[in-house]
Structure formats: C-alpha cells, structure tokens
Amino acid sequence: MKTEILGVSFDNVTVSEAVSAGFALSLSDGFHYVVTPNPELVNIARQNEDFRTALNEADLVLPDGIGVVYAAQLLGRPLKARCPGIDFASGLIGKLAETGGRLFLLGAKPGVAEQAAENLKNRFPGLVICGTHDGYFKEDAPVVEQIQAAQAHVVFVCLGAPKQEFWMRKNGPATGAHLMVGLGGSLDVFAGVTERAPEFWQKLGLEWLYRLKKEPSRIGRMAKLPLFLVSAAGQRLRGTH
C-alpha cells in the first residue's frame, strides 16, 4: 500500500516487512530497485520531475527520515514506521548471509567499500561480497561490466542522491543484478568512517539531531525540515496532492 507525501509515493511498511519484500525482489526475475528518501530528497523531487519519476518508479520507496513520518501524520495518512536505509540494508544482508546471496558494494571514497566489506563479513559470517568499487568513476560501462562479471544478486549503490537513483534506473538492468538499493552514505557507516547515532537517539527519532551535533555544517540542510512540514500541512489544508 502506497502513501503519497508531497508527490512521492512511499510504501507503508515496517523495517521487517521492507526487508522481507526486498529479499523477495532479490530472488525474483528481472531488475528491481529500492530508494530511501528523506525530507531533503522529497523537496528535490518536488522541483525535479525526472528525479520524482525515478523515486516513484522504484519497487520499494522507504521513508528514511523521521520528517517523512511526521509529514504523513500531518496529512492524515500515518505510516507504520520510519524505515532507515541502513536498517533495511542490515536486515537484507542478514538474509543474504543465510542464503548465499551475492552482494556488491558500490560507492564512497577509494578504500571505503573494501573496509565496509571486511567489517560486514566479520559481522555476518557466510556473507558473500562478490565485488566492490568506489564512487569516483567517470564512465559507467566498466562498472556495469564489473558488476555483471561478479554475478551480483544485490548491489548497494552509495553515490549520493539524486545521482544514485538515476544510476540505478539507467544502468541496473544491464548489470544482471536482481536488486539495487540506493543508500547514500551507508558504506561510510559500515566501514566505521562515520559514526551512527546511538540507539537511544534513534528510538527517539532524533538521529538527525545527533548528526547535526557531530556536523554543525549541516545546519543549512536541517533548517529546511520545518518548511517541509509546513508544506505537508498546507497540502492537508488544501486537500490536494
């Protein structure tokens, strides 16, 4: 079931439901992709029709930011839960480790994907990481060929938005992978380069505040959240989509 928020149609699922759906896609024929928009990306999609289309054509559209959950409440269409991309990814990795699924890591600075691979293999015994590639490439074709040669079932694409969403939509079918997931800076977290908020902050829905505390330079981006919620409230009052 989809819930439309300011032009983007989100799947109304819990993290566990999202993981089950994503794993099923990884086993099915054809190519599929997952996106994890937060309020900032919804705002971009409101101004960029091509990006909005890339989000809405995804097989799963997961509400990554707590602001999306608040906006859904304001619109009178509450979501079951926030589904952070990194939690979805971790759950999916667990399934792949149990079944021998092949995972490819794409993105971040040179060396980060390799470190993330080592950390994940230690954390999930049995996990098959069939390849890695950093995000600093100029031509798509060699990367597509590497993923194809690795016979990846799932690819985590961490190129930053909106680049990663456009990249998956354009190149995914040619790689032979069954599922791609756009995950922004998640490889930095898996590699230990970036520290995720402690669980206490996560449960309170204040992960964004912890990141702001660690990176004060994000204040300009965070300041847009109230405007996002105002837009949602305005849509509710107008009774429009």
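Scroll up to find the structure.
Here the structure is a predicted model, which is why all the values come from computation and not from measurement.

(A) Quick look at the overall build of the chain. When helices and strands are counted, the chain shows 13 helices and 8 strands. Per-residue burial for the chain yields a buried fraction of 50% across its 241 residues. At a minimum sequence separation of 6, the contacts of the chain that also span at least 24 residues come to 76%.

(B) Layout of the environment of Glu 145. Topologically, Glu 145 is positioned in helix H7 (residues 140-150). Given the relative accessible area of 51%, Glu 145 is considered exposed. Each C-alpha atom of the pair Glu 145 and Thr 175 lies 6.7 Å from the other, and the pair is 30 residues apart in sequence.

(C) A look at the pairing of strand S6 (residues 128-133). With 5 of 6 residues buried, S6 is to be regarded as a mostly interior element. Two strands pair when backbone bridges link them, and strand S5 (residues 102-107) and S6 are joined in this way by 5 bridges, in the parallel orientation. Along S6, the bridge assignment pairs Leu 106 with His 133. Crossover handedness for the path S5 to helix H6 (residues 112-123) to S6: right-handed.

(D) Fine view of helix H3 (residues 49-56). Of all the residues in H3, the buried ones are Phe 51, Ala 54 and Leu 55. Within H3, the buried residues cover an arc of 100° as seen down the axis, which keeps them to one side. Opposite the buried face of H3, by more than 90 degrees, sit the exposed residues Glu 49 and Asp 50. Structurally, H3 contributes buried residues whose contacts are with strand S2 (8-11), strand S3 (32-35), helix H2 (39-47), strand S4 (60-61) and helix H8 (163-175). Where H3 starts, the residue carrying a side-chain oxygen 3.0 Å from the main-chain nitrogen of Asp 50 turns out to be Asn 48.

(E) Broad picture of the packing of H2 against H3. Relative orientation of the contacting elements H2 and H3 amounts to 125°, with a least axis distance of 5 Å. Of the possible angle classes, the one that applies to H2 and H3 is oblique. Both H2 and H3 take part in a crossing whose hand is left-handed. Here H2 contributes Leu 41, Ile 44, Ala 45, Arg 46 and Gln 47 to the contact with H3, which in turn contributes Glu 49, Phe 51, Arg 52 and Leu 55. The class makeup of the residues in the contact of H2 with H3 is 5 nonpolar, 1 polar and 3 charged.

(F) Broad picture of the packing of aromatic side chains. All chains considered together, the criterion is met by 3 aromatic pairs. Between Phe 51 and Phe 166, the aromatic rings sit 6.0 Å apart at their centres with planes inclined by 70°, giving edge-to-face as the arrangement. Here Phe 51 is found in helix H3, whereas its partner Phe 166 is found in helix H8, with 115 residues between them in sequence. Residue classification places Phe 166 among the partly exposed residues on the basis of a relative accessible area of 30%. Relative to Trp 167, the ring of Phe 137 has its centre 6.2 Å away and its plane inclined at 70°; by these criteria the two rings are edge-to-face. Of the two residues, Phe 137 is situated in the loop between S6 and H7 and Trp 167 in helix H8; the sequence distance between them amounts to 30 residues. Since its relative accessible area comes to 13%, Phe 137 is described here as buried.

(G) Local environment of the environment of Thr 194. Tracing the sequence through the fold places Thr 194 in the loop between helix H9 (186-191) and helix H10 (199-203). Sequence-distant contacts of Thr 194, defined by excluding residues within four places in its chain, comprise Asp 188 and Val 189.

(H) Layout of the pattern of salt bridges. Overall, the coordinates contain 6 salt bridges when judged by the stated rule. Here Asp 11 makes a salt bridge to Lys 2, at a shortest N to O gap of 2.8 Å. By relative accessible area, Asp 11 is classed as buried at 10%. Taking relative accessible area as the criterion, Lys 2 reaches 40% and is therefore assigned partly exposed.

(I) Fine view of the sheet that holds S5. With parallel pairing, the 6 strands of this open sheet are ordered in space as S4-S3-S8-S7-S5-S6. The outermost strands of the open sheet, each flanked by one partner alone, are S4 and S6. Most of the contacts of helix H5 (residues 85-99) go to strand S7 (residues 154-158), to which it runs at about 155°, and overall it touches S3, S4, S5, S7 and strand S8 (179-182). Contacts between H7 and the sheet are confined to S5, S6, S7 and S8, with S5 contributing the most and set at about 165° to the helix.

Definitions and limits used
- Counting from 1, residues in each chain are numbered in the order their sequence is written.
- Given that the model is predicted, a residue must reach a pLDDT of at least 70 before its local features are reported, and side-chain atom pairs must reach 80 or more before they are shown or counted; all residues, however, enter totals for whole chains, interfaces and linings.
- Hydrogens and waters are ignored; side-chain quantities use all the structure's heavy atoms.
- Comment: elements are numbered from the N terminus, with helices defined as DSSP H or I runs of at least four residues and strands as E runs of at least two.
- Relative accessibility under 20% of the residue-type maximum defines a buried residue, over 50% an exposed one, and the middle range a partly exposed one, all with a 1.4 Å probe and only protein chains included.
- Residues count as neighbours in contact if any of their non-hydrogen atoms are within 4.5 Å of one another.
- Strand pairing is assigned whenever DSSP identifies at least 2 bridges connecting the two strands.
- The definition of a right-handed crossover adopted here requires that, viewed with the strands pointing away, the path from the first strand over the helix to the second runs clockwise.
- In this description, one arc is meant: the one made by directions from the helix axis to the C-beta atoms.
- Side-chain atoms alone can form a polar contact between residues adjacent in sequence; in general such a contact is a pair of N or O atoms within 3.5 Å, and within protein one must be able to donate a hydrogen while the other accepts it.
- To get an axis, fit a line to the C-alpha atoms, keeping to the stretch in contact for a helix; angles then go from 0 to 180 degrees between the N-to-C directions.
- Every angle not falling under 35 degrees, over 145, or within 65 to 115 is termed oblique; those three ranges are roughly parallel, roughly antiparallel and roughly perpendicular.
- Crossing handedness is defined as follows: a turn of the near helix away from the far one that is anticlockwise and smaller than a right angle gives a left-handed crossing, while the clockwise case is right-handed.
- Residues are grouped as follows: Ala, Val, Leu, Ile, Met, Phe, Trp, Tyr, Cys and Pro are nonpolar; Asp, Glu, Lys and Arg are charged; every other residue, Gly included, is polar.
- Working definition: rings of Phe, Tyr and Trp (its six-membered ring) pair if their centres are within 6.5 Å, and the pair is stacked with planes under 30 degrees apart, edge-to-face with planes over 60 apart, and tilted otherwise.
- Salt bridges are identified by distance alone: a Lys or Arg side-chain nitrogen within 4 Å of an Asp or Glu carboxyl oxygen.

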